[in-house]
Amino acid sequence: MNTQSHPTHEWIPATGVQLRKAGVQFDAVRLDGDRGREIADGLARMTGGDPGPVVESGSGRRCVYFLVAAGSTSHHTWPDHVTRLTSGPYRICYIPVPALEGQTWPLAWRYPPTAPGRLVHTLLLRTALQEESCP
């Protein structure tokens, strides 16, 4: 088992799950249920298998967290069923981040991070979410 943090992603815990403050390394867009997995897989198809880091939960609402650039979700409209996890004046959010290996249930990487600075492309995600909302 890897007991060190991933050398290119210091924000990934060595073991278990840790909360990361939104707005520091990244923000997140959360989508509940299986639709989040479908959107993640669609982004993977569009990006040659590397949509950027996507975390999924196997319990409760079965949330999917798309890790996006800090501050990139503001000044845009988002569908009502989407939750933006970002920090700002009078608002602090935390994003759960699992280790790359070991016991992290109920969280897991649907698409793990691949390169430093590589995050989900916010506008591509927003477009995919808006297209699914259109009849």
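Structural notes, computed from the coordinates. None of the values given here were measured: they were computed from a predicted structure. Each chain has its residues counted from 1, running along the sequence as written. Local features in a predicted model are, by the rule used here, given only for residues with pLDDT of at least 70; side-chain atom pairs are given and counted only at 80 or more, and totals for whole chains, interfaces and linings are based on all residues. With hydrogens and water set aside, each side-chain value is computed from the structure's full complement of heavy atoms.

**Some details on the sheet that holds strand S2 (residues 27-31)**
Our working definition: Whether two strands pair comes down to DSSP finding at least two bridges between them. The secondary structure listing takes helices from DSSP runs of H or I that are at least 4 residues long and strands from runs of E that are at least 2 residues long, numbered from the N terminus. For helices, the axis comes from a line fit to the C-alpha atoms of the stretch in contact; other axes are also lines fit to C-alpha atoms, and the angle between any two N-to-C directions lies between 0 and 180 degrees.
Judged by pairing direction, the sheet is antiparallel, and its five strands sit side by side in the order S5-S2-S4-S3-S7 without closing on themselves. Two strands in the sheet have a free side with no partner beyond their single neighbour: strand S5 (82-85) and strand S7 (107-111). This sheet shows a mean twist of 25 degrees between the axes of neighbouring strands, independent of strand direction. As judged from the four bridges shared by strand S3 (residues 54-57) and S7, these two strands associate in the antiparallel manner. Its bridge partner being in S7, Ser 57 is matched across the sheet by Leu 107.

**Comments concerning the side chain of Thr 86**
Rule in force here: Pairs of N or O atoms within 3.5 Å make up the polar contacts considered here, provided that, within protein, one atom can donate a hydrogen while the other can accept it, and that residues adjacent in sequence are counted only when both atoms are side-chain atoms. Residues count as neighbours in contact if any of their non-hydrogen atoms are within 4.5 Å of one another.
Among the structural elements, Thr 86 can be located in the loop between S5 and strand S6 (94-98). Among the polar contacts made by the side chain of Thr 86, one reaches the side chain of Asp 27 at a distance of 2.9 Å. Apart from the residues within four sequence positions on either side, Thr 86 is in contact with Ala 22, Asp 27, Thr 73, Arg 91 and Cys 93.

**Examining the packing of aromatic side chains**
The condition is simple: Classification of ring pairs rests on two measures: the distance between centres of Phe, Tyr or Trp rings, Trp counted by its six-membered ring, which must be within 6.5 Å, and the angle between planes, read as stacked under 30 degrees, edge-to-face over 60 and tilted in between.
Under the criterion given, the structure shown has two aromatic pairs. Ring pairing ties together the aromatic residues Trp 11, Phe 26 and Trp 109, which thus form one cluster.

**A word on unusual backbone geometry**
For residues that are not glycine, phi is negative in most cases, and the peptide bond is trans in most cases. Cut-off, in case you're wondering: Residue burial is assigned from relative accessible area. The probe radius is 1.4 Å, only protein chains are included, and a residue is buried under 20% of its type maximum, exposed over 50%, and partly exposed in between.
Cis rather than trans, the peptide bond between Trp 105 and Pro 106 has omega equal to 15 degrees. With respect to the helices and strands, the residue Pro 106 is situated in the loop between S6 and S7. Of note, Arg 62 is a non-glycine position whose phi angle comes to about 55 degrees, a positive value. In this fold, Arg 62 is placed in the loop between S3 and strand S4 (64-68). Under the relative-accessibility criterion, Arg 62 is labelled partly exposed at 33%.

**A short note on the nonpolar core**
General note: in soluble globular proteins, nonpolar side chains tend to be found buried as a group. Our working definition: By nonpolar core we mean a set of buried residues, namely Ala, Val, Leu, Ile, Met, Phe, Trp, Tyr and Cys, connected to one another through side-chain atoms within 4.5 Å.
Membership of the largest hydrophobic core comes to 17 residues, with the highest contact counts inside it found for Val 29, Ile 39, Phe 66, Leu 125 and Leu 129. Counting residues per element, the ones that place at least two in this core are S2, helix H1 (34-46), S4 and helix H2 (122-133). Looking at this core, the element that brings in the most residues is H1, giving four residues. Sequence-distant contacts of Val 29, defined by excluding residues within four places in its chain, comprise Val 64, Tyr 65, Phe 66, Val 68, Thr 73, Trp 78, Val 82, Thr 83, Leu 125 and Leu 129. By size, the runner-up hydrophobic cluster in this structure holds 16 residues, among which are Phe 26, Ala 28, Leu 85 and Cys 93.

Any functional reading would require information beyond the geometric quantities listed.
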